Structure formats: structure tokens, C-alpha cells
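Coordinate inspection notes
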Amino acid sequence: MYFLIGFLLIICIFFFIVHFYRKKCNIEKICCMSDCEKLGLLNQLANPFGFSYLPAQDIMTSRLDAWQKDFGYRTLYDRTAPFFNMVFDCEPVYFHYNNQTWLIEFWKGQYGINIGAEIGVYKTDTLLTPEEYSLATFYGVSDIDFLPMSMKLYFKGKRLFSVRQLHWWLTGFRMGDYCEPEDLEMEISIIFPNAKMLQCFTQSLLDLGYQTCDLCINHLKVSFTFCRSHTRQPQYTHYDCSRFSQWKNKILCNLYQWITRPFDCTIDQILYLYYFLPMVFRRILRFRKNYHQTYDKEAKHHS
């Protein structure tokens, strides 16, 4: 009996020493890297996930060539999001333009251990009726239809980040922070190629419940604030699941901060996880759209 206890104690001490040594080595490795080396490595690691790191804003953002574009968008993705620790407010804006049905959708909320926001631009090849919206697949627009977009995300009045780009899916994800979606405010600006498309989009916003005074139109640019959603939200449809997911998200955010406490910079924290806990690293880079693969078959089944 005493021999067994002693043996287990030796094993525990051994693993503690190995753990301490690995941790120390990984910290030293990151500290010895230059900023350019860190940025190059992180972008190389994030590229297969469809993202890159913006050091000026301290966020992860989607690439123009992100593979998620091939899977498009379906309403099912939003409806099932709370089951995968994604609790957000969303605002889908459908409108008809150039004999096609377009969708520009906005998201803000908690994505696992990330506070994030998104603007997605999608369309179909034909005109759809409102009854068909929830069953159709909308695909990311081609290069020629990319729109100049910008967004600023605020948490309880404090700006978290701002990002601007010609894009089909503009995103920003701040890692290791926690929020409730209603505490986020998103300032949005979009520039359209012509007055007709601008009018079609703004009219759809008005039909959703936005007021004329909520919109600021300057030539072909429309700006507004996404604070309170005007459409039914998935987090309320699956309220118990959303609350449970948020409970887990808050714990995981605290755990992330505790594990990466040797560093206070996001790029250092992420690379530390890459060296120290590679499985966790891969998990945290699976932002919202990566789950589209999982639901592609299910979405077809529902159609």
C-alpha cells in the first residue's frame, strides 16, 4: 500500500516537473521571437482556418479567400448556433436587386471565448419569395460584387475594435473576453455601387422596423447602428441552451486568461497555446463559419 502511494507520488512529481519545464521553454521561445516572426507564424497557422491577425486592432479577422465562402449561408446556421456556444444577435436583411435575392446580414455577440461581429454579403441566382428565405442557400458574392464595408464594435460604450475593407464577409473577433450580445453596439457603414441597390437595401431596413432617422445616407454610403435586433433571435428560440452556453463561455474565458497569464498580448497568448496546448489552439480558431461544414448535410435535409 505504501509502495503504491509512493509510486503515485513519484509519477505526480515527474509530471509536474515536465509540465513546469515545457511551460518555461515555451515562454522563453515566444519571448525570443521578434514581432514580425510572431505575426508571420500566427498568420501561417490561422490561414487554413480562413483568418488572419490584425495587430493594430488586436483581433482575428476573416480573409478574402476564406474557404467558408464555398459553403454559403443558411438560416439553419443561426438557429443551431447556441448549441455550439455561439450566442449572438443577428439581423438578416433580404432584398431584391438585379433579378436576384440578396442577403446582407449582421452579427454581434459571444463566439465561444471570443467577442465578435460580422457583416456577410450573399446572394442567390434567382428571385426568392419570403417563404423561401429560410430554406435557400445564399452564397458569398464574387469579387466583382464585393462591397466597401466598415464596422466599429463597442462594449458598454467602450470601443473594442474597428475594421474596414472591401469584402464579402467582414469580421472581427477579440479573444478571451466575455459579453452579453445586448451589451454590444455595432456601427456599420456600407458603400453601394449605385443608387438603385442602395435604395433596395435601405427600404428593406425600413421594412424591418428601422426608422428613417436611424439611417445616415451620404451619396452611395449608408451608415447606421446595430444595437437592438428587429428580427427573432436564435438565442431566445433556444433560451435555456443559450444560457447554458454563456455559462460555459464565461468559464472558458476565465480559463483562457488563467492558462495564458504569462502574457497579456493576444498574439503571445495564442502562440503560447499553440506550443503548449495545440489541441486547444485549433479549437479556439474555429470561429462561427467553420461550423457550416457540420451543418451542410443537415441543411439539405431540412430543404
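The following refers to the structure shown.

A closer look at the packing of aromatic side chains
In total, this model carries 24 aromatic pairs according to the counting rule given. Ring centres of Trp-67 and Phe-71 lie 5.8 Å apart, and the angle between their planes is 85°; on these two criteria the pair is classed as edge-to-face. Residue classification places Trp-67 among the partly exposed positions, given a relative accessible area of 23%. Between Phe-95 and Trp-102, the aromatic rings sit 6.2 Å apart at their centres with planes inclined by 20°, giving stacked as the arrangement. A cation over an aromatic ring shows up here: Arg-261 above the ring of Trp-258, its NZ or CZ 4.4 Å from the ring centre.

Observations regarding the nonpolar core
Membership of the largest hydrophobic core comes to 80 residues, with the highest contact counts inside it found for Ile-104, Phe-106, Ile-190 and Phe-201. Looking at which element gives the most residues to this core, the answer is strand E3 (residues 86-97), with seven residues. Non-local contacts of Phe-106, meaning those with residues more than four positions away in its chain, are made with Asp-89, Cys-90, Glu-91, Val-93, Glu-118, Ile-119, Ile-188, Ile-190, Phe-201, Phe-224 and Phe-226.

Quick notes on the packing of helix H2 (residues 35-46) against helix H7 (residues 266-276)
As a packed pair, H2 and H7 sit with axes 10 Å apart at the nearest point and diverge in direction by 60°. With respect to H7, the element H2 is oriented oblique. Remark: the crossing between H2 and H7 carries left-handed chirality. Contacts from Lys-38, Leu-39, Leu-41, Leu-42 and Leu-45 in H2 reach Ile-267, Asp-268, Ile-270, Leu-271, Tyr-274 and Tyr-275 in H7. Grouping the constituent residues of the contact of H2 with H7 by class yields nine nonpolar, no polar and two charged.

Focus: the layout of surface pockets
Empty space within the second largest pocket amounts to approximately 190 Å³. Lining the second largest pocket are 13 residues; nearest its centre among them are Thr-75, Asp-78, Arg-79, Arg-232 and Pro-234. For the lining of the second largest pocket, the secondary-structure elements that each account for two or more residues are helix H3 (75-80), E3 and helix H5 (234-237). A per-class count over the lining of the second largest pocket returns five nonpolar, five polar and three charged.

Observations regarding helix H6 (residues 239-259)
Over its 21 residues, H6 extends 30 Å from the first C-alpha to the last, a length consistent with the 30 Å expected when each residue adds 1.5 Å. When we look at burial in H6, the residues that qualify are Ser-242, Ser-245, Gln-246, Asn-249, Cys-253, Tyr-256 and Ile-259. Each buried residue of H6 sits inside an arc of 150° when the element is viewed along its axis, so together they form one side. Turned more than 90 degrees from where H6 packs its buried face, Asp-240, Trp-247, Asn-254 and Trp-258 sit exposed.

A closer look at the sheet that holds strand E10 (residues 184-191)
Sheet architecture is open: five strands sit in the order E8-E7-E10-E12-E11, paired in antiparallel fashion. In this open sheet, the two strands that pair with only one neighbour each are strand E8 (158-167) and strand E11 (216-218). Between one strand axis and the next, the sheet turns through 15° on average, direction left out of account. Note that strand E7 (residues 147-155) and E10 share seven bridges and pair antiparallel. Its bridge partner being in E10, Lys-152 is matched across the sheet by Glu-187. With respect to the sheet, helix H4 (residues 195-208) is in contact with E10, E11 and strand E12 (221-226), its orientation differing from that of E12 by roughly 20°.

What counts as what
- Counting of residues starts from 1 at the beginning of each chain's written sequence and follows it residue by residue.
- Note on the predicted model: pLDDT of at least 70 is required for a residue's local features to be given, and 80 or more for side-chain atom pairs to be given and counted; whole-chain, interface and lining totals, by contrast, use all residues.
- Heavy atoms from the whole structure form the basis of all side-chain values; hydrogens and water molecules are not counted.
- We call Phe, Tyr and Trp rings a pair once their centres come within 6.5 Å, taking the six-membered ring for Trp, and we label the pair stacked below 30 degrees between planes, edge-to-face above 60, and tilted otherwise.
- Exposed residues in this analysis have more than 50% of their type's maximum accessible area, buried residues have under 20%, and partly exposed residues fall in between, with area computed by a 1.4 Å probe over protein chains only.
- The rule for a charge over a ring is simple: NZ of Lys or CZ of Arg within 6 Å of the ring centre, and within 35 degrees of the ring normal.
- Here, nonpolar core means buried Ala, Val, Leu, Ile, Met, Phe, Trp, Tyr and Cys residues that are tied together by side-chain atoms lying within 4.5 Å of each other.
- Note on conventions: DSSP H or I runs of at least 4 residues are helices, E runs of at least 2 residues are strands, and numbering of each starts at the N terminus.
- Any two residues having at least one pair of non-hydrogen atoms within 4.5 Å are treated as being in contact.
- Throughout, an axis means a line fitted to C-alpha atoms (over the contacting stretch in the case of helices), and angles, computed between N-to-C directions, take values from 0 to 180 degrees.
- Oblique is the label for any angle not under 35 degrees, not over 145, and not in the 65 to 115 range, which are roughly parallel, roughly antiparallel and roughly perpendicular in turn.
- When the near helix sits turned anticlockwise from the far one by under a right angle, the crossing is termed left-handed; a clockwise turn instead gives a right-handed crossing.
- For this classification, Asp, Glu, Lys and Arg are treated as charged, while Ala, Val, Leu, Ile, Met, Phe, Trp, Tyr, Cys and Pro are nonpolar and the rest, including Gly, are polar.
- Here a cavity denotes a set of grid points, spaced 1 Å apart and computed over the protein atoms alone, in which a 1.4 Å probe fits but from which it cannot get out, and a pocket denotes an open set meeting protein on both sides within 12 Å along at least five of seven lines; residues with an atom within 4 Å of a point are reported as lining.
- Grid points are joined across faces, edges and corners, and a volume is the space filled by probe spheres set on the points.
- Expected span, for any helix, means 1.5 Å times one less than how many residues it has.
- Read the arc as the range of directions from the helix axis to the C-beta atoms.
- At least two bridges found by DSSP between two strands are what make those strands a pair.

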